[in-house]
Amino acid sequence: MADSQPLLGNRADDYGSTTAGEDGIIERIPTPLGAEEEEERGEDIQDGVLRIEAVSRLWTKRGLMIAYLGIFFMAFTTSLEGQVTYSLSAFAVSSFNKHSLLSTVYVVQGVVNAVIKPPMAKIADVFGRLEAFSICIVLCVLGYILMAASRNVETYASAQIFYAAGFTGLQILQQVFIADTSDFLNRALFSSLPDSPFLVTVWIGPAIAALFLAKSTWRWGYAVWTIILPLAFLPLGLSLLINGRKAEKLGLVPKRRAMSTSSSADNKKPSLSTAARNLFQELDGIGILLFSLGLSLILIPLTLVSRSKTGWHDPHIILMILSGILLLVLFPLWESHAPHPLLPLELLKSRTFVAGCLLGFFYFAVFYIAVQPYLYSYLLVALNLPVTSAGPITQTFSFASTIAAIAASLVIKRLGGEPRPKPWIVFGATIYTLAILLLLHTRKRGVSEPVLYTAQMFLGAGAGLMHVATQLVVQAAASSSSNLKGRNRHQHVGVATAAFLTLVQVGSAVGSAVSGAIWGRLIPGKLREYLPEDAKGEAGKIYGSVREAVSYPWGSPEREAIARSYQETVEVLLWVALGGKGVVGVVAVGWEEEGLKGKKVWFGCF
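Since this is a predicted model, take the numbers as computed values, not measurements. (Residues numbered from 1 in each chain as written. Predicted model: local features only at pLDDT ≥ 70, side-chain atom pairs only at ≥ 80, totals over all residues. Heavy atoms only, no water.)

## Looking at the packing of helix H4 (residues 61-94) against helix H9 (residues 198-215)
Between two packed helices, both the angle of their axes relative to each other and the distance between the axes serve to describe the pair.
Inference 1: Packing of H4 against H9 leaves a shortest axis separation of 8 Å and a crossing angle of 45°. The orientation of H4 with respect to H9, classified from their angle, is oblique. When you trace H4 past H9, the crossing you get is right-handed. Contact with H4, carried on its side by Phe-76, Ser-79, Leu-80, Gln-83, Val-84, Ser-87, Leu-88 and Phe-91, involves Phe-198, Val-200, Thr-201, Val-202, Ile-204, Gly-205, Pro-206, Ile-208, Ala-209, Phe-212 and Leu-213 of H9 and no other residues of that element.
Inference 2: Classifying every residue of the contact of H4 with H9 gives 14 nonpolar, five polar and no charged. (Axes fitted to C-alpha atoms, helices over the stretch in contact; angles between N-to-C directions. Helix = DSSP H or I, 4+ residues; strand = E, 2+ residues; numbered from the N terminus. Parallel < 35°, antiparallel > 145°, perpendicular 65-115°, else oblique. Left-handed = near helix turned anticlockwise from the far one by under 90°. Contact = heavy atoms within 4.5 Å. Nonpolar A, V, L, I, M, F, W, Y, C, P; charged D, E, K, R; others polar.)

See the structure below:
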């Protein structure tokens, strides 16, 4: 039966004999690895990688369809949750009279998103995909609980650490799972699957958020996901669990070694200290610390500049940034000698890989300067749009980027042969630039909603084309035989994907920090300048709460002054974003597809 064949063309002679199951479906019975083969393959390959390779031998088309359906359920749930809570976040921080700290919340998310990707990919390699997925679900649920129960902005911001770690972990693990179970050309299409729910959720999410605000509170908009997300994870979780158990019964899964030394010749259980040391080594604990601390010490001070009386002259801020730079310089030096490097040095030597990461960093930084986190507030306050209109406009970016990414993926798959992502990247960068210029045109009173949608559409389309093509070429650089030098190709695809998505999130954190610094410097002064004399004393409250800002009647002198302050500040943000977009254009035009020329790259389950 066609349904019994493993997806993506596994060969029968590779994986043993076949037999008919109880339901009449022909199942492959892989031949267990012999001791010599296991020793030869397993010395340098971590347990999670060996386990997913064993599980991949057992996938049938039906099994993978169920697993990918589970990926879609999770993606739809997290996408809808993101649309709902995005529309609620401004009201959440405003309930604490801290609307100005919205950018700080985004920076906290960005920092956590950036530092959690490589460790989560490493955890998936060491322990397994199922275990890593489960950890992320628990972190998300904990974050939802803390946000729903928060009574101050400190608790709300702290909750972002757990939420962002879990949410971002799910993102990278979905892409890693897709890389595990797809070939190169199909991966361009399948990697867009987690983004496809945006086509629907972008329109219904803001409406649900408005319903929460009208009928209940923003807190319930977070609490409901503590139940919905675990239920959505069940299909994928059960698929991985069942196939894992089946692989164990067939002797395909090697004994776990993460908690024991590879040189141990006996069967004695290692001591707790030995187990902890081995685990720390397997996870490249020193590399994680250098990387995460370096990023944190650079990014977090960016959120503090506008709150410091001396600004960039504050010695504490300068010291933190210099310390972060030093740690990031030490990071590649350590990785070159690490027994289990977080980021293999071969990838750092690849110009294609580095250029892809730089491109991801800059185009996301531009987006978070131009759009996030204050466009939504701008639409509510300066243009007097309701939540049901402001939400879809801001999230049209996600809708357009998803459409563009899927379209590019289909064309890449249809063309076949040697992939050429660069034309898509250059075309996307061009559209991205035009979108920023159009956004500048929309920053005026009386602009129509269709024009706002169009600007966001162009911005999203450009980002979608760049993102899917860039991620594709980064993964190709990781799996290229010239880069891996004969090593197992599964071993580094996860961390390479994580590194790319990490730089994307670093860009978002930097962009949020820049927008927050500009917002914090300009808005208070403009409010004090433009508000009528009898309202100048309310400038602090207006600055701190979007609810306070929209409470003034539309057309009143106070509301006109508030709208003017927002409009002029957002215009400055857009000019800064346009300057950053120039770097995107240079990188897009200047890089070379060194890892793809003359090759057909295939990796994953083959």
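## Concerning the pattern of salt bridges
Inference 1: Here the structure, examined in full by the defined rule, presents three salt bridges.
Inference 2: Lys-526 is paired through a salt bridge with Glu-568; the nearest N and O atoms lie 2.9 Å apart. Separated by 42 residues along the polypeptide, Lys-526 in helix H22 (residues 490-530) and Glu-568 in helix H25 (residues 557-590) bring together distant segments of the chain.
Inference 3: According to the relative accessible area criterion, Glu-568 is partly exposed, its value standing at 22%.
Inference 4: Residues Arg-564 and Glu-568 are paired through a salt bridge, measuring 3.0 Å at the closest nitrogen-oxygen approach. (Salt bridge = Lys/Arg side-chain N within 4 Å of Asp/Glu carboxyl O. Buried < 20%, exposed > 50% of the residue type's maximum accessible area, 1.4 Å probe, protein only.)

## Here we look at the confidence of the model for the protein chain
Inference 1: On average, the protein chain scores 76 in pLDDT, and the residues at 70 or more come to 76%.
Inference 2: Mean pLDDT in the protein chain bottoms out at helix H1 (residues 12-15), which sits at 35, and peaks at helix H10 (residues 220-223), which reaches 91.
Inference 3: Throughout residues 1-43 the model reports pLDDT below 50, and contacts reaching past four residues in sequence, or to other chains, amount to 78 contacts.
Inference 4: Note that pLDDT drops below 50 for residues 258-267; the model gives that stretch 13 contacts with residues more than four away or on any other chain. (pLDDT = per-residue confidence, 0-100.)

## A few points about the packing of H4 against helix H11 (residues 225-249)
Inference 1: Orientation of H4 relative to H11, taken along the N-to-C sense of each, is 160°, at an axis distance of 7 Å. If you check the angle between H4 and H11, you find them roughly antiparallel. The chirality of how H4 crosses H11 is left-handed. Residue-level inspection shows Ile-66, Ala-67, Gly-70, Ile-71, Phe-73, Met-74, Thr-77, Thr-78, Leu-80, Glu-81, Val-84 and Thr-85 of H4 in contact with H11, the latter providing Trp-225, Ile-228, Leu-229, Ala-232, Phe-233, Pro-235, Leu-236 and Ser-239.

## Observations concerning helix H14 (residues 315-335)
One turn of an α-helix holds 3.6 residues; hence residues three or four places apart share an orientation.
Inference 1: Taking 1.5 Å of rise per residue, 21 residues should cover 30 Å, and H14 covers 30 Å from first to last C-alpha, within 8% of that figure.
Inference 2: Among all positions of H14, only Ile-317, Ile-321, Gly-324, Leu-327, Phe-331 and Glu-335 are buried. The buried residues of H14 occupy an angular sector of 120° when projected down its axis, which confines them to one face. For H14, exposure combined with an orientation more than 90 degrees from the buried face picks out Pro-315, Leu-319, Leu-322, Leu-326 and Leu-333.
Inference 3: By the N-cap criterion, in which a side-chain oxygen at the helix start approaches the backbone nitrogen of a residue two or three places on, H14 is capped by Asp-314, the distance to His-316 being 2.9 Å. (Expected span 1.5 Å × (residues − 1). Arc of directions from axis to C-beta. Polar contact = N/O pair within 3.5 Å; in protein donor to acceptor, adjacent residues only side chain to side chain.)

## Quick look at the side chain of Thr-78
Inference 1: Residue position: Thr-78 is located in helix H4.
Inference 2: Note on Thr-78: relative accessible area 10%, which makes it buried.
Inference 3: Among all residues touching Thr-78, those that are not within four sequence positions of it are Phe-167, Leu-170 and Leu-229.

## As for the environment of Gly-143
Inference 1: Note on placement: Gly-143 falls in helix H6 (residues 129-149).
Inference 2: Between the C-alpha atoms of Gly-143 and Ser-158, which are 15 residues apart in sequence, the distance is 8.6 Å.

## A look at the state of the cysteines
Inference 1: Considering all chains together, one arrives at zero disulfides under this definition.
Inference 2: There is no disulfide at Cys-140, and the cysteine sulfur nearest it, in Cys-136, is 6.8 Å away.
Inference 3: We classify Cys-140 as buried; its relative accessible area is 0%. (Disulfide = S-S within 2.5 Å.)

## Some words on helix H7 (residues 153-180)
Inference 1: Over its 28 residues, H7 extends 40 Å from the first C-alpha to the last, a length consistent with the 40 Å expected when each residue adds 1.5 Å.
Inference 2: The largest bend along H7 reaches roughly 25° and is located at Tyr-163.
Inference 3: For H7, the capping residue at the N-terminal end is Asn-152, with a side-chain oxygen 2.8 Å from the backbone nitrogen of Thr-155. (Bend = angle between axes of the 7 residues up to and from the residue.)

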